[in-house]
Amino acid sequence: MVAEWIFANGKSVGEIREDFPILQTKLTLVDHDDPIDLVYLDTAATAQKPLKVIQAEARYYREQNANIHRALHTLGETATALYEGSRDKVQAFINAEHRHEIIFTRNTTESINLVASSFGRSFGPEDEILLTEMEHHSNLVPWQLLSEQTGCKLKFIPISPGGELELEKLDELLTNKTALVGVVHISNIFGTVNDIEQIISKAHSMDIPVLIDGAQSSPHMAIDVQQLDCDFFAFSSHKLYGPMGIGILYGKEKLLEKMPPYMGGGDMIRSVKLTGSTWNDLPWKFEAGTPNVGGVAGFGAAIDYIKELSFDSICEYENMLTEYARKSLSGIKNIKIYGPSGHRAGVFSFTHNDLHPHDMAQFLDRYGIAVRAGHHCAQPAMRKLKVSSMARASLAFYNTRSEIDFLVEKIIAAGEYFNNGI
Ligand SMILES: *Cc1c(COP(=O)(O)O)cnc(C)c1O
C-alpha cells in the first residue's frame, strides 16, 4: 500500500471525509438493529456536499435572504452581490472569457433544453444535429423534441462494444448540413473520457458549433472552455458537490447574443409594452423570474472547496482509486465490467451472470453500500450493448480503497448468496 494520500490543502482522505456530514452519519436500515456506515458509491448520480456548502446555503436563508436585482435596500444588494459573485466564481472555474457567458439554470438538462429551444429555433428540415449513441437522455430528448418541431434530422456517432466512440466515422458524419454537434464529455455509463478536442476541431474546421455535456467531467477534471474552444458547455452544481436545483450553461458571447430568449418573464426584459418587449443584456436575458439564490450561493462555496483541494490532487487521487477499482472489480468471477480500461473515469457499470442488477443493488444496500441499478438514463446505449439494466458504482475523492475492498467482498457474497438460494 502507498503512504497515505495528502491533498493540496494538506488534508488526508480521512480528514476530507470529515468535511462531509453525511459520511459521518449512520444509516438505519429497515429491520436492522444497529445503524451502519454509509459506503457512498453513487456520486455519478449526485455528489455529497461538504459542510461549507450546506452552511453557505443556510446562511443565505438566515442572514441574506432577499430578492435580487430589483431591490434598493441593503439586504437586496447583499443577495445580488452574492448571486453575481458566484457567477464570477463559475467564470473563473471554467475560464470563460466573459462573466455574461455564464447562465444559471436548474440543471444540465435545462441548460441543454435552453440551447435546443433557443439556438435550435431557426433549424429546419435541411439541418442535421450530430449526437452520439452514448448520450444521457438529457442530451437526446431535447433534440428529438426539436426534430419534431422543426423537421431537423438527428444523426449519431456509433459506439463500440467497449463503450468508446467510433471517431473514424466522424468525417463522413459531419456534412455541410450539420448545424450542431452535441457530445457527452465523460460517459455516465462507461466512464469513457471522450476525445472532445478532436470532435471540436473537426467540427470547427467546417464552422459547426459544438455543445459539450459536462455533467460528469466538471466534477473530476479542470475545465477550460477557452482552451477547449467549445461553443456551449452544460453542467450541474449537484454533481459538483453543490446544491441541487442549480445548473450552468456556458455559451460563447457571439452565439448567446444572437439567440432569442428561452423563457419570458421578470428580469429578462429591458422594457415591456402590452404588445411587445425588448430583452435585457446577457446573461439576464436567459434568466427569467426569481432564481435559486441560496443554491447559487451554495454552489459558489462548492467551487471554493474544490479550488482548495485543487484538481491536480483530486485527479491524481481519483485516477489511482479508479485504477485500483478497475483491477479489483475485473478480478471478480461472473462479473462483466463495461467501458474502456484506459482513459476512463471512476464510473463502473457492471452485470453479474447470475443475478439481476436490482438484486445486486439491494443486496449491497443491506451493507450500507449505495450503488445505482437501472438504465442510467441512457437506454439507447444499453440497447446497443443488449443489456436492459446494469449496476453502477461511481467514485469521488472522498472514497477509499477499503470501501472498494468492501464492495468487492460484498459483490462476491451476493453471487454466492443467490447461487446457494437456487
Ligand atoms: C446527470 C447527467 C445529466 C443530467 O444532469 P441533471 O442534473 O439531472 O440535469 C446529463 N448528462 C450526464 C452525462 C449526466 O451524468
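Only a predicted model underlies this, so the values are computations on that prediction, with no experimental measurement involved.

Asks: What am I meant to see in the overall build of the protein here?
Replies: For the protein, the count of helices and strands is 15 helices and 17 strands. Its C-alpha atoms give the protein a radius of gyration of 22 Å, within 12% of the compact-globule value 22 Å for 422 residues. In terms of overall dimensions, the protein has C-alpha extents of about 75 × 55 × 40 Å along its principal axes. A burial count over the protein gives 55% of its 422 residues as buried. Accessible surface, the protein as shown: approximately 18,300 Å² in total, 52% of it carbon and sulfur.

Asks: Got a minute to help me understand the environment of T28 in this structure?
Replies: The topology assignment puts T28 in the loop between β1 (26–27) and β2 (36–37). Placed 10 residues apart in sequence, T28 and L38 show a C-alpha to C-alpha distance of 9.6 Å.

Asks: Quick question: what am I supposed to make of the pairing of strand β12 (residues 276–279) here?
Replies: Along any regular strand, the residues point their side chains to alternate faces of the sheet. Of the strand pairs in this sheet, strand β11 (residues 269–273) and β12 are connected by four bridges, and their pairing is antiparallel. Within β12, the residue paired with S271 across the bridge is T278. Here β11 folds back onto β12, and the loop between the two strands holds two residues.

Asks: Would you take a moment to explain the domain arrangement of the protein for this structure?
Replies: For interface size, the figure often reported is the accessible area lost on association. Along its sequence, the protein is organised into domain 1 (2–46 + 310–419) and domain 2 (53–307). The distance between the C-alpha centroids of domain 1 and domain 2 comes to 28 Å. Taken over both partners, the interface formed by domain 1 and domain 2 buries close to 2,700 Å², and the fraction arising from carbon and sulfur atoms is 61%. Broken down residue by residue, the surface that domain 1 buries against domain 2 is led by F311, C377 and K384, which jointly contribute 20%. Our count for the contact surface shared by domain 1 and domain 2 stands at one salt bridge. Where E133 meets K384, a salt bridge forms, and the shortest distance between an N and an O atom there is 2.8 Å. Linking domain 1 to domain 2 there are 17 residue pairs in polar contact (both at pLDDT 80 or more).

Asks: What is the right way to read the pattern of salt bridges from this model?
Replies: When charged atoms on two side chains of opposite charge get close, those side chains can pair. The full count for this structure, using the stated rule, is 22 salt bridges. Beyond isolated ion pairs, a larger network of salt bridges with shared partners links E84, R87, D88, R99 and E287.

Parameters at a glance
- Residues numbered from 1 in each chain as written.
- Predicted model: local features only at pLDDT ≥ 70, side-chain atom pairs only at ≥ 80, totals over all residues.
- Heavy atoms only, no water.
- Helix = DSSP H or I, 4+ residues; strand = E, 2+ residues; numbered from the N terminus.
- Rg over C-alpha atoms; globule rule 2.2 N^0.38 Å.
- Buried < 20%, exposed > 50% of the residue type's maximum accessible area, 1.4 Å probe, protein only.
- Areas by Shrake-Rupley, 256 points an atom, 1.4 Å probe, with all protein chains shown as cover.
- Pairing = 2+ DSSP bridges.
- Domains from an automatic or database assignment.
- Buried area = accessible area lost by both parts, 1.4 Å probe.
- Salt bridge = Lys/Arg side-chain N within 4 Å of Asp/Glu carboxyl O.
- Polar contact = N/O pair within 3.5 Å; in protein donor to acceptor, adjacent residues only side chain to side chain.

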